[in-house]
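Structure at a glance
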Amino acid sequence: MFENLSNNLAKAIKTLKGQGKITEINVAATVKEIRRALIQADVNYKVAKQITDDIKTNALGKDVLAAVSPGQLFTKVVSDELTKLMGSEKASINLNGKPAIILMAGLQGSGKTTFSAKLANYLKRQNKSVLLVACDIYRPAAAEQLHVLGQQIDVEVFSKVDHKDAIQIAQEGIEYAKNTHKQVVIIDTAGRQTVDVGMMQEIKKLQDTVKPAETLFVVDAMVGQDAVTTAQGFYEQLHFDGIVLTKLDGDTRGGAALSIRAVVSKPIKFIGTGEKLTDLDLFYPDRMAQRILGMGDVVSLVERAEQIYDEQEAKKLSQKLRKNQFNLDDFYSQIQQLKKMGNLKDLVSMIPGMSKIADNAGNIGEENFKAFETIIFSMTPQERAQPSLLDPNRRARVAKGSGMPIQEVNRLLKQFETMCQLMKQTQKGGIQHMMKLARK
Ligand code: GDP
Ligand code: MG
(Lines give C-alpha, C1' and ligand atoms only; values in the text may rest on other atoms or scores of the structure.)
(Ligands and ions follow the chains in the order given, each with its own letter.)
Protein backbone atom coordinates (compact mmCIF):
# COMPACT_ATOMS: atom_id res chain seq x y z
CA MET A 1 0.00 0.00 0.00
CA PHE A 2 0.99 3.60 -0.54
CA GLU A 3 3.88 2.67 -2.85
CA ASN A 4 3.36 5.55 -5.25
CA LEU A 5 2.86 8.11 -2.55
CA SER A 6 5.94 6.85 -0.73
CA ASN A 7 8.05 7.02 -3.86
CA ASN A 8 6.86 10.46 -4.80
CA LEU A 9 7.37 11.85 -1.32
CA ALA A 10 10.86 10.38 -1.20
CA LYS A 11 11.62 11.95 -4.56
CA ALA A 12 10.29 15.31 -3.42
CA ILE A 13 12.37 15.23 -0.26
CA LYS A 14 15.45 14.17 -2.17
CA THR A 15 15.43 17.47 -4.01
CA LEU A 16 16.40 19.00 -0.69
CA LYS A 17 19.41 16.76 -0.18
CA GLY A 18 22.77 18.39 -0.61
CA GLN A 19 21.32 21.73 0.31
CA GLY A 20 23.09 23.18 3.31
CA LYS A 21 20.07 24.96 4.69
CA ILE A 22 16.32 24.90 4.53
CA THR A 23 15.46 28.19 2.89
CA GLU A 24 12.35 29.82 1.51
CA ILE A 25 13.57 29.05 -2.01
CA ASN A 26 14.54 25.38 -1.79
CA VAL A 27 11.63 24.47 0.43
CA ALA A 28 9.09 25.95 -1.98
CA ALA A 29 9.92 23.51 -4.76
CA THR A 30 9.90 20.51 -2.43
CA VAL A 31 6.61 21.49 -0.84
CA LYS A 32 5.05 21.86 -4.28
CA GLU A 33 6.20 18.34 -5.16
CA ILE A 34 4.80 16.98 -1.90
CA ARG A 35 1.44 18.61 -2.56
CA ARG A 36 1.39 17.09 -6.04
CA ALA A 37 2.22 13.64 -4.60
CA LEU A 38 -0.56 13.90 -2.03
CA ILE A 39 -3.18 14.93 -4.56
CA GLN A 40 -2.06 12.12 -6.84
CA ALA A 41 -2.58 9.75 -3.92
CA ASP A 42 -6.14 10.97 -3.78
CA VAL A 43 -5.78 13.19 -0.77
CA ASN A 44 -8.49 15.80 -0.60
CA TYR A 45 -7.22 19.02 -2.22
CA LYS A 46 -7.97 21.26 0.75
CA VAL A 47 -6.30 18.83 3.11
CA ALA A 48 -3.24 18.60 0.87
CA LYS A 49 -2.96 22.37 0.76
CA GLN A 50 -3.34 22.76 4.50
CA ILE A 51 -0.75 20.14 5.38
CA THR A 52 1.83 21.38 2.91
CA ASP A 53 1.40 24.92 4.22
CA ASP A 54 2.02 23.58 7.72
CA ILE A 55 5.03 21.57 6.58
CA LYS A 56 6.51 24.66 5.01
CA THR A 57 6.00 26.84 8.06
CA ASN A 58 7.45 24.25 10.37
CA ALA A 59 10.43 23.40 8.21
CA LEU A 60 11.38 27.03 7.83
CA GLY A 61 11.27 27.55 11.55
CA LYS A 62 13.84 24.80 12.17
CA ASP A 63 17.56 25.19 12.55
CA VAL A 64 19.41 22.47 10.74
CA LEU A 65 21.43 20.59 13.33
CA ALA A 66 24.94 19.52 12.51
CA ALA A 67 24.07 15.86 12.92
CA VAL A 68 21.25 15.68 10.40
CA SER A 69 20.91 16.71 6.81
CA PRO A 70 18.17 19.11 5.71
CA GLY A 71 16.57 16.14 3.94
CA GLN A 72 16.43 14.11 7.14
CA LEU A 73 15.11 17.03 9.12
CA PHE A 74 12.52 17.67 6.48
CA THR A 75 11.47 14.01 6.50
CA LYS A 76 10.87 14.33 10.21
CA VAL A 77 8.74 17.45 9.71
CA VAL A 78 6.67 15.71 7.04
CA SER A 79 6.30 12.61 9.21
CA ASP A 80 5.14 14.71 12.16
CA GLU A 81 2.60 16.56 10.03
CA LEU A 82 1.24 13.36 8.49
CA THR A 83 0.90 11.90 11.98
CA LYS A 84 -0.94 14.98 13.16
CA LEU A 85 -3.20 14.84 10.13
CA MET A 86 -4.20 11.28 10.97
CA GLY A 87 -4.97 12.10 14.57
CA SER A 88 -1.67 11.81 16.49
CA GLU A 89 -2.88 9.50 19.23
CA LYS A 90 -3.86 5.89 18.93
CA ALA A 91 -7.59 5.89 19.61
CA SER A 92 -9.07 3.22 21.85
CA ILE A 93 -12.47 1.61 21.80
CA ASN A 94 -15.07 2.29 24.47
CA LEU A 95 -16.35 -0.85 26.13
CA ASN A 96 -18.56 0.73 28.77
CA GLY A 97 -21.85 -0.94 29.56
CA LYS A 98 -23.09 -4.35 30.58
CA PRO A 99 -22.99 -5.53 27.93
CA ALA A 100 -20.99 -2.97 25.94
CA ILE A 101 -22.79 -2.37 22.66
CA ILE A 102 -20.98 -1.67 19.42
CA LEU A 103 -22.97 -0.60 16.38
CA MET A 104 -21.70 -0.81 12.81
CA ALA A 105 -22.65 1.70 10.16
CA GLY A 106 -21.59 2.06 6.55
CA LEU A 107 -22.42 1.46 2.92
CA GLN A 108 -23.09 -1.93 1.39
CA GLY A 109 -19.89 -3.79 0.65
CA SER A 110 -17.78 -1.55 2.85
CA GLY A 111 -16.85 -4.53 5.01
CA LYS A 112 -19.19 -4.21 8.03
CA THR A 113 -19.98 -7.90 8.35
CA THR A 114 -16.35 -8.95 7.91
CA PHE A 115 -15.18 -6.32 10.37
CA SER A 116 -17.85 -7.30 12.92
CA ALA A 117 -16.37 -10.79 12.95
CA LYS A 118 -12.79 -9.49 13.01
CA LEU A 119 -13.61 -7.29 15.98
CA ALA A 120 -15.37 -10.17 17.75
CA ASN A 121 -12.27 -12.27 17.25
CA TYR A 122 -10.01 -9.48 18.48
CA LEU A 123 -12.10 -9.01 21.65
CA LYS A 124 -12.39 -12.73 22.22
CA ARG A 125 -8.61 -12.93 22.26
CA GLN A 126 -8.73 -10.44 25.09
CA ASN A 127 -10.91 -12.90 26.98
CA LYS A 128 -14.15 -11.03 26.39
CA SER A 129 -17.35 -12.92 25.79
CA VAL A 130 -18.95 -11.57 22.64
CA LEU A 131 -22.29 -11.88 20.86
CA LEU A 132 -22.71 -10.98 17.21
CA VAL A 133 -26.19 -9.78 16.24
CA ALA A 134 -27.30 -9.93 12.60
CA CYS A 135 -29.51 -6.91 11.85
CA ASP A 136 -29.18 -6.83 8.07
CA ILE A 137 -32.72 -7.88 7.18
CA TYR A 138 -32.58 -6.93 3.51
CA ARG A 139 -30.04 -9.33 2.07
CA PRO A 140 -31.32 -12.87 2.60
CA ALA A 141 -27.79 -14.27 2.89
CA ALA A 142 -26.55 -11.64 5.33
CA ALA A 143 -27.40 -13.47 8.55
CA GLU A 144 -26.03 -16.70 7.06
CA GLN A 145 -22.74 -14.91 6.23
CA LEU A 146 -22.40 -13.78 9.84
CA HIS A 147 -23.16 -17.29 11.11
CA VAL A 148 -20.41 -18.73 8.92
CA LEU A 149 -17.91 -16.16 10.16
CA GLY A 150 -19.02 -16.64 13.78
CA GLN A 151 -18.42 -20.35 13.47
CA GLN A 152 -14.87 -19.79 12.22
CA ILE A 153 -13.97 -17.86 15.33
CA ASP A 154 -16.24 -19.72 17.71
CA VAL A 155 -18.37 -16.71 18.59
CA GLU A 156 -22.14 -17.00 19.03
CA VAL A 157 -24.38 -15.26 16.49
CA PHE A 158 -27.91 -14.07 17.21
CA SER A 159 -30.33 -13.78 14.30
CA LYS A 160 -34.04 -14.11 13.52
CA VAL A 161 -35.15 -15.64 10.28
CA ASP A 162 -38.16 -14.04 8.56
CA HIS A 163 -38.10 -11.18 10.98
CA LYS A 164 -38.53 -7.79 9.36
CA ASP A 165 -37.64 -5.32 12.03
CA ALA A 166 -33.94 -4.61 12.61
CA ILE A 167 -34.66 -2.64 15.78
CA GLN A 168 -36.56 -5.48 17.36
CA ILE A 169 -33.84 -7.99 16.47
CA ALA A 170 -31.24 -5.71 18.05
CA GLN A 171 -33.30 -5.42 21.24
CA GLU A 172 -33.87 -9.14 21.47
CA GLY A 173 -30.20 -9.77 20.78
CA ILE A 174 -29.17 -7.50 23.65
CA GLU A 175 -31.68 -9.20 25.92
CA TYR A 176 -30.21 -12.56 24.94
CA ALA A 177 -26.69 -11.25 25.60
CA LYS A 178 -27.72 -10.16 29.09
CA ASN A 179 -29.25 -13.54 29.84
CA THR A 180 -26.14 -15.33 28.66
CA HIS A 181 -23.77 -12.89 30.44
CA LYS A 182 -21.99 -11.59 27.37
CA GLN A 183 -19.66 -8.66 27.88
CA VAL A 184 -19.84 -7.22 24.37
CA VAL A 185 -22.57 -7.12 21.73
CA ILE A 186 -21.61 -6.28 18.16
CA ILE A 187 -24.53 -5.26 15.97
CA ASP A 188 -24.00 -5.75 12.25
CA THR A 189 -26.38 -3.63 10.18
CA ALA A 190 -27.57 -3.29 6.59
CA GLY A 191 -25.97 -0.84 4.20
CA ARG A 192 -27.18 0.60 0.94
CA GLN A 193 -25.25 1.56 -2.14
CA THR A 194 -25.54 5.26 -1.39
CA VAL A 195 -26.32 7.38 1.64
CA ASP A 196 -30.11 7.32 1.33
CA VAL A 197 -32.89 8.47 3.61
CA GLY A 198 -34.19 5.02 4.50
CA MET A 199 -30.82 3.69 5.60
CA MET A 200 -30.00 6.77 7.64
CA GLN A 201 -33.38 6.64 9.36
CA GLU A 202 -32.93 3.01 10.28
CA ILE A 203 -29.42 3.37 11.62
CA LYS A 204 -30.39 6.47 13.60
CA LYS A 205 -33.35 4.67 15.09
CA LEU A 206 -31.14 1.72 15.97
CA GLN A 207 -28.69 4.05 17.63
CA ASP A 208 -31.43 5.82 19.61
CA THR A 209 -32.83 2.52 20.79
CA VAL A 210 -29.75 0.51 21.73
CA LYS A 211 -27.60 3.48 22.82
CA PRO A 212 -24.27 1.94 21.83
CA ALA A 213 -21.01 2.71 23.64
CA GLU A 214 -19.42 2.90 20.21
CA THR A 215 -20.81 3.52 16.78
CA LEU A 216 -18.17 2.65 14.21
CA PHE A 217 -18.38 3.92 10.69
CA VAL A 218 -16.93 1.35 8.29
CA VAL A 219 -15.57 2.60 5.00
CA ASP A 220 -13.78 1.00 2.07
CA ALA A 221 -10.41 2.69 1.53
CA MET A 222 -10.29 1.51 -2.07
CA VAL A 223 -12.92 4.01 -3.16
CA GLY A 224 -10.54 6.86 -2.38
CA GLN A 225 -12.15 10.28 -2.36
CA ASP A 226 -15.60 8.69 -2.38
CA ALA A 227 -14.79 7.28 1.04
CA VAL A 228 -14.29 10.80 2.30
CA THR A 229 -17.51 12.02 0.69
CA THR A 230 -19.46 9.11 2.17
CA ALA A 231 -17.96 9.70 5.59
CA GLN A 232 -19.00 13.32 5.34
CA GLY A 233 -22.52 12.29 4.32
CA PHE A 234 -22.86 10.01 7.32
CA TYR A 235 -21.23 12.46 9.66
CA GLU A 236 -23.77 15.16 8.86
CA GLN A 237 -26.62 12.88 9.88
CA LEU A 238 -25.29 10.36 12.35
CA HIS A 239 -23.06 10.66 15.38
CA PHE A 240 -20.24 8.12 15.19
CA ASP A 241 -17.26 7.62 17.47
CA GLY A 242 -14.66 6.25 15.15
CA ILE A 243 -13.78 5.09 11.68
CA VAL A 244 -12.83 1.66 10.42
CA LEU A 245 -10.91 1.79 7.19
CA THR A 246 -11.12 -1.52 5.36
CA LYS A 247 -9.30 -2.99 2.36
CA LEU A 248 -6.08 -1.13 2.95
CA ASP A 249 -4.33 -4.22 1.64
CA GLY A 250 -5.65 -3.57 -1.83
CA ASP A 251 -4.18 -1.34 -4.45
CA THR A 252 -5.22 1.78 -2.62
CA ARG A 253 -3.74 5.16 -3.16
CA GLY A 254 -4.06 5.86 0.52
CA GLY A 255 -5.66 9.26 0.19
CA ALA A 256 -8.68 8.25 2.24
CA ALA A 257 -6.55 7.31 5.24
CA LEU A 258 -4.92 10.70 5.09
CA SER A 259 -7.89 12.96 4.55
CA ILE A 260 -10.79 11.30 6.34
CA ARG A 261 -9.78 12.31 9.83
CA ALA A 262 -9.28 15.93 8.82
CA VAL A 263 -12.67 16.05 7.11
CA VAL A 264 -14.88 14.45 9.76
CA SER A 265 -12.65 15.00 12.83
CA LYS A 266 -13.23 11.49 14.15
CA PRO A 267 -10.35 9.09 14.74
CA ILE A 268 -9.58 6.07 12.61
CA LYS A 269 -9.67 3.26 15.16
CA PHE A 270 -9.03 0.12 13.14
CA ILE A 271 -7.84 -0.81 9.69
CA GLY A 272 -8.72 -3.92 7.73
CA THR A 273 -5.85 -5.36 5.76
CA GLY A 274 -7.30 -8.51 4.21
CA GLU A 275 -10.22 -10.89 3.99
CA LYS A 276 -9.02 -13.19 6.75
CA LEU A 277 -10.52 -12.67 10.20
CA THR A 278 -7.12 -11.97 11.69
CA ASP A 279 -6.44 -9.19 9.20
CA LEU A 280 -7.30 -6.45 11.64
CA ASP A 281 -4.91 -3.82 12.90
CA LEU A 282 -5.17 -1.06 15.41
CA PHE A 283 -4.50 2.25 13.76
CA TYR A 284 -1.31 4.01 14.84
CA PRO A 285 -1.04 7.41 13.13
CA ASP A 286 2.71 7.66 13.70
CA ARG A 287 3.47 4.22 12.29
CA MET A 288 1.22 4.87 9.33
CA ALA A 289 3.02 8.14 8.64
CA GLN A 290 6.35 6.37 8.74
CA ARG A 291 5.03 3.67 6.46
CA ILE A 292 3.81 6.29 3.99
CA LEU A 293 7.21 7.93 4.07
CA GLY A 294 8.87 4.59 3.47
CA MET A 295 10.36 4.59 6.95
CA GLY A 296 8.11 1.77 8.05
CA ASP A 297 10.78 -0.59 9.24
CA VAL A 298 12.72 2.05 11.09
CA VAL A 299 10.42 2.05 14.12
CA SER A 300 10.39 -1.69 14.68
CA LEU A 301 14.10 -1.89 13.94
CA VAL A 302 14.85 0.72 16.57
CA GLU A 303 12.54 -0.98 19.05
CA ARG A 304 14.18 -4.33 18.49
CA ALA A 305 17.65 -2.85 18.76
CA GLU A 306 16.66 -1.23 22.03
CA GLN A 307 15.35 -4.47 23.40
CA ILE A 308 18.48 -6.40 22.49
CA TYR A 309 20.57 -3.61 23.95
CA ASP A 310 18.52 -3.72 27.15
CA GLU A 311 18.98 -7.44 27.50
CA GLN A 312 22.72 -7.34 26.90
CA GLU A 313 23.16 -4.41 29.26
CA ALA A 314 21.09 -6.13 31.91
CA LYS A 315 23.30 -9.20 31.71
CA LYS A 316 26.48 -7.15 31.91
CA LEU A 317 25.18 -5.16 34.83
CA SER A 318 24.06 -8.11 36.87
CA GLN A 319 27.50 -9.65 36.38
CA LYS A 320 29.12 -6.45 37.53
CA LEU A 321 26.84 -6.23 40.51
CA ARG A 322 27.65 -9.75 41.54
CA LYS A 323 31.33 -8.96 41.39
CA ASN A 324 30.80 -5.57 43.03
CA GLN A 325 32.18 -3.85 39.97
CA PHE A 326 29.27 -1.53 39.32
CA ASN A 327 30.86 1.90 39.06
CA LEU A 328 30.17 5.50 38.19
CA ASP A 329 30.64 4.92 34.46
CA ASP A 330 27.81 2.43 34.65
CA PHE A 331 25.87 4.88 36.76
CA TYR A 332 26.38 7.47 34.07
CA SER A 333 25.06 5.19 31.34
CA GLN A 334 22.12 4.31 33.59
CA ILE A 335 21.35 8.01 33.93
CA GLN A 336 21.32 8.29 30.15
CA GLN A 337 18.79 5.48 30.00
CA LEU A 338 16.72 6.88 32.83
CA LYS A 339 16.59 10.23 31.11
CA LYS A 340 14.68 8.52 28.37
CA MET A 341 12.28 7.05 30.88
CA GLY A 342 11.59 9.89 33.30
CA ASN A 343 11.94 10.10 37.03
CA LEU A 344 13.71 7.46 39.11
CA LYS A 345 11.20 7.89 41.88
CA ASP A 346 8.33 7.22 39.51
CA LEU A 347 10.03 4.13 38.21
CA VAL A 348 10.85 2.85 41.65
CA SER A 349 7.40 3.52 43.05
CA MET A 350 6.03 1.05 40.54
CA ILE A 351 7.86 -1.79 42.24
CA PRO A 352 6.28 -3.14 45.44
CA GLY A 353 8.38 -2.64 48.55
CA MET A 354 10.71 -0.20 46.86
CA SER A 355 8.99 3.03 47.70
CA LYS A 356 10.91 3.38 50.96
CA ILE A 357 14.22 3.40 49.19
CA ALA A 358 12.76 5.83 46.73
CA ASP A 359 12.00 8.25 49.54
CA ASN A 360 15.61 8.09 50.61
CA ALA A 361 16.76 8.55 47.06
CA GLY A 362 14.67 11.66 46.67
CA ASN A 363 13.73 12.92 43.28
CA ILE A 364 16.20 12.54 40.49
CA GLY A 365 14.82 15.01 38.04
CA GLU A 366 15.96 16.56 34.82
CA GLU A 367 18.08 19.25 36.59
CA ASN A 368 19.86 16.66 38.72
CA PHE A 369 20.74 14.58 35.74
CA LYS A 370 22.52 17.55 34.23
CA ALA A 371 24.39 18.26 37.47
CA PHE A 372 25.34 14.61 37.84
CA GLU A 373 26.72 14.48 34.35
CA THR A 374 28.87 17.55 34.96
CA ILE A 375 30.18 16.10 38.21
CA ILE A 376 30.95 12.70 36.73
CA PHE A 377 32.87 14.36 33.90
CA SER A 378 35.07 16.10 36.47
CA MET A 379 36.23 12.82 37.94
CA THR A 380 39.28 10.91 36.78
CA PRO A 381 38.71 7.60 34.99
CA GLN A 382 40.07 5.78 38.05
CA GLU A 383 37.61 7.52 40.32
CA ARG A 384 34.74 6.64 38.05
CA ALA A 385 35.80 3.03 37.88
CA GLN A 386 36.40 2.79 41.62
CA PRO A 387 34.11 5.23 43.47
CA SER A 388 35.47 4.21 46.87
CA LEU A 389 38.56 6.28 46.01
CA LEU A 390 36.49 9.42 46.42
CA ASP A 391 37.58 10.60 49.84
CA PRO A 392 36.73 14.11 51.11
CA ASN A 393 39.81 15.61 49.45
CA ARG A 394 38.96 14.20 46.07
CA ARG A 395 35.33 15.17 46.49
CA ALA A 396 36.33 18.77 47.13
CA ARG A 397 38.50 18.76 44.01
CA VAL A 398 35.64 17.35 41.91
CA ALA A 399 33.25 19.97 43.30
CA LYS A 400 35.64 22.74 42.37
CA GLY A 401 36.36 21.33 38.94
CA SER A 402 32.69 20.92 38.08
CA GLY A 403 31.62 24.23 39.60
CA MET A 404 29.10 22.39 41.77
CA PRO A 405 28.65 22.71 45.52
CA ILE A 406 30.21 19.87 47.53
CA GLN A 407 26.72 18.88 48.77
CA GLU A 408 25.77 18.11 45.20
CA VAL A 409 28.80 15.80 44.85
CA ASN A 410 27.86 14.02 48.07
CA ARG A 411 24.30 13.72 46.92
CA LEU A 412 25.40 12.13 43.70
CA LEU A 413 27.47 9.55 45.54
CA LYS A 414 24.56 8.82 47.84
CA GLN A 415 22.30 8.33 44.85
CA PHE A 416 24.90 6.02 43.41
CA GLU A 417 24.89 3.98 46.62
CA THR A 418 21.11 3.88 46.61
CA MET A 419 21.09 2.72 43.07
CA CYS A 420 23.54 -0.08 43.80
CA GLN A 421 21.31 -1.12 46.67
CA LEU A 422 18.21 -0.92 44.53
CA MET A 423 19.67 -2.95 41.78
CA LYS A 424 20.77 -5.68 44.12
CA GLN A 425 17.23 -5.94 45.40
CA THR A 426 15.56 -6.15 42.02
CA GLN A 427 16.23 -9.64 40.90
CA LYS A 428 16.21 -9.38 37.17
CA GLY A 429 18.93 -6.84 36.63
CA GLY A 430 18.04 -3.54 38.17
CA ILE A 431 17.07 -0.60 36.12
CA GLN A 432 16.52 -2.58 32.96
CA HIS A 433 13.93 -4.57 34.81
CA MET A 434 12.33 -1.45 36.21
CA MET A 435 12.31 0.14 32.81
CA LYS A 436 10.50 -2.84 31.43
CA LEU A 437 7.93 -2.53 34.18
CA ALA A 438 7.59 1.17 33.52
CA ARG A 439 7.03 0.59 29.84
CA LYS A 440 4.06 -1.61 30.50
P1 GDP B 1 -20.75 -5.35 4.17
O2 GDP B 1 -21.69 -5.33 3.03
O3 GDP B 1 -20.43 -3.94 4.61
O4 GDP B 1 -21.18 -6.19 5.29
O5 GDP B 1 -19.36 -5.91 3.61
P6 GDP B 1 -18.74 -7.38 3.76
O7 GDP B 1 -18.21 -7.56 5.13
O8 GDP B 1 -19.71 -8.38 3.29
O9 GDP B 1 -17.48 -7.28 2.79
C10 GDP B 1 -17.60 -7.08 1.41
C11 GDP B 1 -16.40 -7.74 0.72
O12 GDP B 1 -15.20 -7.10 1.08
C13 GDP B 1 -16.24 -9.19 1.09
O14 GDP B 1 -15.89 -9.91 -0.04
C15 GDP B 1 -15.07 -9.18 2.07
O16 GDP B 1 -14.35 -10.39 2.05
C17 GDP B 1 -14.26 -8.04 1.56
N18 GDP B 1 -13.46 -7.39 2.62
C19 GDP B 1 -13.85 -6.91 3.80
N20 GDP B 1 -12.83 -6.36 4.49
C21 GDP B 1 -11.73 -6.52 3.71
C22 GDP B 1 -10.34 -6.13 3.84
O23 GDP B 1 -9.88 -5.53 4.82
N24 GDP B 1 -9.52 -6.46 2.79
C25 GDP B 1 -9.98 -7.11 1.68
N26 GDP B 1 -9.10 -7.37 0.71
N27 GDP B 1 -11.26 -7.45 1.53
C28 GDP B 1 -12.13 -7.17 2.51
MG1 MG C 1 -23.00 -7.12 5.60
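Since the structure is predicted, the reported quantities are computational estimates derived from the model, not experimental observations. (Residues numbered from 1 in each chain as written. Chains lettered and ligands numbered in written order. Predicted model: local features only at pLDDT ≥ 70, side-chain atom pairs only at ≥ 80, totals over all residues.)

Side note on the sheet that holds strand E2 (residues 130-134)
Heads up, the condition is: Think of it this way: DSSP has to see at least two bridges between two strands before they count as a pair. Numbering of helices and strands runs from the N terminus; a helix is a DSSP stretch of H or I covering at least four residues, while a strand is a stretch of E covering at least two. A fitted line through C-alpha atoms represents every axis, and for helices the fit uses only the stretch in contact; the resulting angles, taken between N-to-C directions, go from 0 to 180 degrees. Note on contacts: each residue gets a C-beta atom placed from the backbone, and two residues are in contact if those atoms are within 7 Å.
Taken in spatial order, the eight strands make up an open sheet running E3-E2-E4-E1-E5-E6-E7-E8, and their pairing is mixed. In this open sheet, the two strands that pair with only one neighbour each are strand E3 (156-158) and strand E8 (280-282). Taking each pair of neighbouring strands and ignoring which way they run, the sheet shows an average axis angle of 25°. In this structure, E2 lies alongside strand E4 (residues 184-188), joined through five bridges in parallel fashion. Its bridge partner being in E4, Leu132 is matched across the sheet by Ile186. The sheet strands contacting helix H7 (residues 166-179) are strand E1 (100-105), E2, E3 and E4, and the helix crosses E2 at an angle near 160°. The strands that helix H9 (residues 225-237) touches are E1, strand E5 (214-220) and strand E6 (242-246); relative to E5, the one it contacts most, it runs at about 155°.

Details of the site of ligand 1
Selection criterion: Using a C-beta atom placed from the backbone, a residue is described as near a molecule or strand when that atom lies within 6 Å of it. Gly counts as polar in this scheme, as do all residues outside two lists: the nonpolar Ala, Val, Leu, Ile, Met, Phe, Trp, Tyr, Cys and Pro, and the charged Asp, Glu, Lys and Arg.
Close to ligand 1 lie 18 residues, the nearest being Gly111, Lys112, Thr113, Thr114 and Gly272. A total of three residues in the shell around ligand 1 trace back to one element, the largest contributor, which is helix H5 (residues 112-124). Here the residues of the shell around ligand 1 sort into no nonpolar, 13 polar and five charged.

Topic: the environment of Asp136
Put simply, the rule is: Exposure is read from a count of other C-beta atoms within 10 Å of each residue's own; the residue is exposed at 12 or fewer, buried at 20 or more and partly exposed in between. C-beta atoms are placed from the backbone.
Mapped onto the secondary structure, Asp136 falls in the loop between E2 and helix H6 (142-153). Using a count of 23 C-beta atoms within 10 Å as the deciding quantity, one classes Asp136 as buried. Between the C-alpha atoms of Asp136 and Asp188, which are 52 residues apart in sequence, the distance is 6.7 Å. Each residue touching Asp136, except ones within four places of it in the same chain, is listed here: Ala142, Asp188, Thr189 and Ala190.

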